[in-house]
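Residue-level structural notes
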Amino acid sequence: MKKIKAMFVGVLVIAMTLVPLNSLLAESFMENVHSAYTIERGEFHPHPVVCKVTEKIGAPKPVPLPLGTDSPIADSSDNEVSPSVALCSGENIIAAFALQPDVLTSGILFSYSTDMGSTWNLYERQIEDMYDTDPSVAYRGTGNSAVACWTLGEYEAGNVVYLMPDITDPETYGGSLWAWEDNYGFFNWHNFTIAGYYSDDYPEFWGMMSFIGDSDDENIHYFATECPWILTDGTKWYGEGYAVCDAFLWWNYSRTTSISIDQSTGRGYTVFDFFNSSVGTYSLGIINHPTERVWDDDSVWYWTNISGGFFASYAHPDVSVSSGSGYIVCETNENGNKDIICFHSTDGFNTTTKTFVANSPDDETDPSIVSYGNIAQCTFIKNGNIYETHTSDGGATWSEPLQINDQDGTVASGWHASQLTTGGNIIWTDTRNGNNDIYFDSLGVPAPVINIEEIKGGFGVKATVTNTGGGDAENVDWTITFSGPVFIGKEKGGTITIPAGGTATISSGLVFGIGPASVTVTVGGATKTASCFVLGPLVLGVK
């Protein structure tokens, strides 16, 4: 694959955009001291840098891959590393990883499953004379659609962004390579993570990414070293779209990053670990940002620091936010070894509460977290094994950790060595065969997981709702709301109970109107919107 440098369009002057911290803070600034850590919060408006999307990437070709127990997705004699996984609709799962046949070559492969990981279909992309690695994949929030990104070769400033409109049809896969002009001094972009997002108002918008990078441009006051970035375009990521990003230069020496978008609120949350020179240890930096039209002049971003002080250094954070409930898990060394802690919040991390997820005498590392609102599920690695624990009270308490992998002591550790996604689906790098392979397991979720599978028209609309979790969904609030020229039955609501693994139908009842409209179905924290045409009591063309 030929790498093409992108030309800047409408680039803002770097020296004006990357200014000292004090000029980025709003007049209002507050500091809250907690028992074991400090939160600092501020407000600023972003200053994006823009580059053009340059190259479309073709679709890979299929190779089937059977599975056995403890599900190997990829177990060839070559090394497969850096796995990522996402659950889309129903039982459809997409996985991505890097194939490294030798020390100089690395390329990205995809594999999808339509039966919750029982069988897999491996799709190979051409891999030669390149070193693409560290893929990240995420559900886009609609249908079977997912997004992915990965890092270009070492020390380059750029990445690949991929859209999979239907993960079960690789002929639909495609994307773009982004790169930056050399005279801006950007290099060493790495540790990319991605969060997908879909909006009926902005269907071209794919989501957002975060990553770590450097700059040695002489116009930048701080010669940025391993500082965090957020990358998106505010409207679309494809075809004639543009890539825009912002850097946070006061958080130098960052090591890892994670990003999550709360589909119910449309806010994004990005977390980094960074070296906090004021306390001499690593702290957490959090950006709370909008999603749609991210870079508008009136869009307000918030930043938050969480510091454990001199005696607590934080590392390898992972963030997940759903239905207003946010969780950040990370490693801490405050007890003399590595433990897992959680900062949980219901106000966008303006205030947080800290609890221990796992704190045995052994080292626990590399946490991954998924939020379902008041319920969350977390995995981590200890002594070469991967463990699961969960909370049902918003992070206040956590269950006794249980080992996931069947063969003892073969799970690799380190950033991007394992990932948990929705539905209790876990992927990891495993060494049981003497090299690095990719393994998968489906744990289920000890909680109800609500999905709106389908909206159908007719006399009014009906929505099919499923509960794919491991717990009953009891007395869940639901609404069906029309926007547009609907005069009777514009909104209807109620409560519904769906047993674990069950399906239910909700209905708008009688409606009356005329003209194009949209209908939004909300069940618990799940939301789905469709366009339609209302003709008297009939709702037609729902899609």
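Our structure's up above, just so we're on the same page.
Structural notes, computed from the coordinates. (Residues numbered from 1 in each chain as written. Predicted model: local features only at pLDDT ≥ 70, side-chain atom pairs only at ≥ 80, totals over all residues. Heavy atoms only, no water.)

Looking now at the overall build of the protein chain. Within the protein chain, the secondary structure is distributed over 2 helices and 43 strands. Residue burial in the protein chain is summarised as follows: out of 543 residues, 57% are buried. In the protein chain, the proportion of contacts linking residues at least 24 apart, taken out of those at least 6 apart, comes to 56%. When the accessible surface of the protein chain is split by element, carbon and sulfur atoms take 50% of a total near 20,900 Å². (Helix = DSSP H or I, 4+ residues; strand = E, 2+ residues; numbered from the N terminus. Buried < 20%, exposed > 50% of the residue type's maximum accessible area, 1.4 Å probe, protein only. Contact = heavy atoms within 4.5 Å. Areas by Shrake-Rupley, 256 points an atom, 1.4 Å probe, with all protein chains shown as cover.)

A separate point is the sheet that holds strand β33 (residues 437–442). Strand order in this open sheet of 4 strands is β6-β33-β32-β31, and the pairing throughout is antiparallel. At either end of the open sheet lies a strand with only one pairing partner, and these are β6 (72–74) and β31 (418–421). The sheet shows a mean angle of 25° between the axes of neighbouring strands, direction not considered. Note that strand β32 (residues 425–430) and β33 share 6 bridges and pair antiparallel. (Pairing = 2+ DSSP bridges. Axes fitted to C-alpha atoms, helices over the stretch in contact; angles between N-to-C directions.)

Throughout the structure, instances matching the rule amount to 4 salt bridges. The salt bridge partner of Arg432 is Asp70, with a shortest N-O separation of 2.8 Å. You can see Arg432 sitting in the loop between β32 and β33 and its partner Asp70 sitting in the loop between β5 (61–65) and β6, a full 362 residues away along the chain. This pair shows no difference in class: Arg432 is buried, exactly as Asp70 is. Where Arg255 meets Asp273, a salt bridge forms, and the shortest distance between an N and an O atom there is 3.4 Å. Of the two residues, Arg255 sits in the loop between β18 (242–247) and β19 (257–262) while Asp273 sits in strand β20 (residues 267–276), which places them 18 residues apart along the sequence. Residue class for Arg255 comes out partly exposed when judged on its relative accessible area of 33%. (Salt bridge = Lys/Arg side-chain N within 4 Å of Asp/Glu carboxyl O.)

Working note: regular strand, side chains alternate between the two faces of the sheet. For strand β23 (residues 314–322), a buried count of 7 out of 9 residues is recorded, marking the element as mostly surrounded by other parts of the structure. When β23 meets strand β24 (residues 325–332), the two strands line up antiparallel, connected through 7 bridges. From the neighbouring strand, Tyr314 faces β24, where its bridge partner is Thr332. Adjacent in sequence and paired antiparallel, β23 and β24 are bridged by 2 residues, among which Ser323 carries a positive phi angle near 50°.

Moving on to the sheet that holds strand β36 (residues 462–467). As summarised here, the arrangement of the 3 strands in space is β34-β36-β40, forming an open sheet in which the pairing is antiparallel. Either end of the sheet is taken by a strand with one partner, and the two such strands are β34 (450–456) and β40 (503–507). Each strand of the sheet is rotated relative to its neighbour by a mean of 25°, with strand direction disregarded. The sheet contact formed by β36 and β40 spans 5 bridges and is antiparallel. Bridge pairing in β40 places Val465 opposite Ala504.

Summarising burial for β19: 6 of the 6 residues are buried, a large majority. Across the two faces of β19 the burial is the same, with Thr257, Ile259 and Ile261 and Ser258, Ser260 and Asp262 all buried. As consecutive antiparallel partners, β19 and β20 are separated by 4 residues, and within that stretch Gly266 has a phi angle of approximately 70°, a positive value.

Looking now at a nonpolar patch on the surface. Residues Phe487, Ile488, Leu510, Phe512, Ile514, Phe533, Leu535 and Leu540 make up a contiguous nonpolar surface patch of roughly 790 Å² in combined accessible area. Taken together, the elements giving at least two residues each to the nonpolar patch come down to β38 (486–488), β41 (512–523) and β42 (526–536). Positionally, Ile488 belongs in strand β38. (Patch = residues over 30% accessible without salt bridge, like charges linked within 9 Å, V, L, I, M, F, W, Y side chains within 5 Å.)

What follows is about the nonpolar core. Formed by 26 residues in total, the largest nonpolar core has its most connected members in Ile455, Ile480, Phe482, Ile496, Ile506, Val521 and Val523. Of all elements in the fold, only β34, β36, β37 (473–483), β39 (491–498), β40, β41 and β42 reach the threshold of two or more residues within this core. Those residues in contact with Val523, other than ones at most four positions away along the chain, are Ile450, Ile452, Val465, Val476, Asp477, Trp478, Ile496 and Ile506. Val81, Ala86, Ala148 and Leu177 belong to the second largest nonpolar core, which has 22 residues in total. (Core = buried A, V, L, I, M, F, W, Y, C linked by side-chain atoms within 4.5 Å.)

Time to look at the environment of Glu454. With respect to the secondary-structure elements, Glu454 resides in strand β34. Along the primary structure Glu454 and Val521 are separated by 67 residues, whereas in three dimensions their C-alpha atoms are 9.9 Å apart. What Glu454 contacts, discounting residues up to four positions off in sequence, is Lys462, Ala463, Thr464 and Lys528.

Glancing now at the packing of aromatic side chains. All told, the structure shown has 28 aromatic pairs when counted by the stated rule. With a centroid separation of 4.5 Å and an interplanar angle of 15°, the aromatic rings of Phe192 and Phe211 are classed as stacked. A residue pair is termed long-range when its members are at least 10 positions apart, and Phe192 in strand β15 (residues 186–196) and Phe211 in strand β16 (residues 207–215) qualify at 19 residues. Side by side, Phe192 and Phe211 carry an identical accessibility label, which is buried. Between Trp251 and Phe272, the aromatic rings sit 6.3 Å apart at their centres with planes inclined by 45°, giving tilted as the arrangement. Here Trp251, found in the loop between β18 and β19, pairs with Phe272, found in strand β20; they are 21 residues apart in sequence, far enough to count as distant. Comparing Trp251 with Phe272, the two get one shared label, buried. Taken together through their ring pairs, the aromatic side chains of Phe248, Trp250, Trp251, Phe272, Phe274, Trp301 and Trp303 make up a single cluster. The ring centre of Tyr282 lies 3.5 Å from the NZ or CZ of Arg255, which sits over that ring. Lying across the ring of Tyr387, Lys382 places its NZ or CZ 5.1 Å from the centre. (Phe/Tyr/Trp six-rings, centres within 6.5 Å; stacked < 30°, edge-to-face > 60°. Lys NZ or Arg CZ within 6 Å of the ring centre and 35° of its normal.)

Another aspect to go through is unusual backbone geometry. The backbone phi angle of Tyr253 is positive, close to 60°, even though this residue is not glycine. One can find Tyr253 in the loop between β18 and β19. The exposure class of Tyr253 is partly exposed, given its relative accessible area of 45%.

With that out of the way, let us pick up the side chain of Ser313. With respect to the secondary-structure elements, Ser313 resides in the loop between β22 (301–307) and β23. A distance of 3.2 Å separates a polar side-chain atom of Ser313 from the backbone nitrogen of Tyr282. Residues contacting Ser313, with those up to four places away along its chain left out, are Thr281, Tyr282, Glu331, Thr332 and Asn333. (Polar contact = N/O pair within 3.5 Å; in protein donor to acceptor, adjacent residues only side chain to side chain.)

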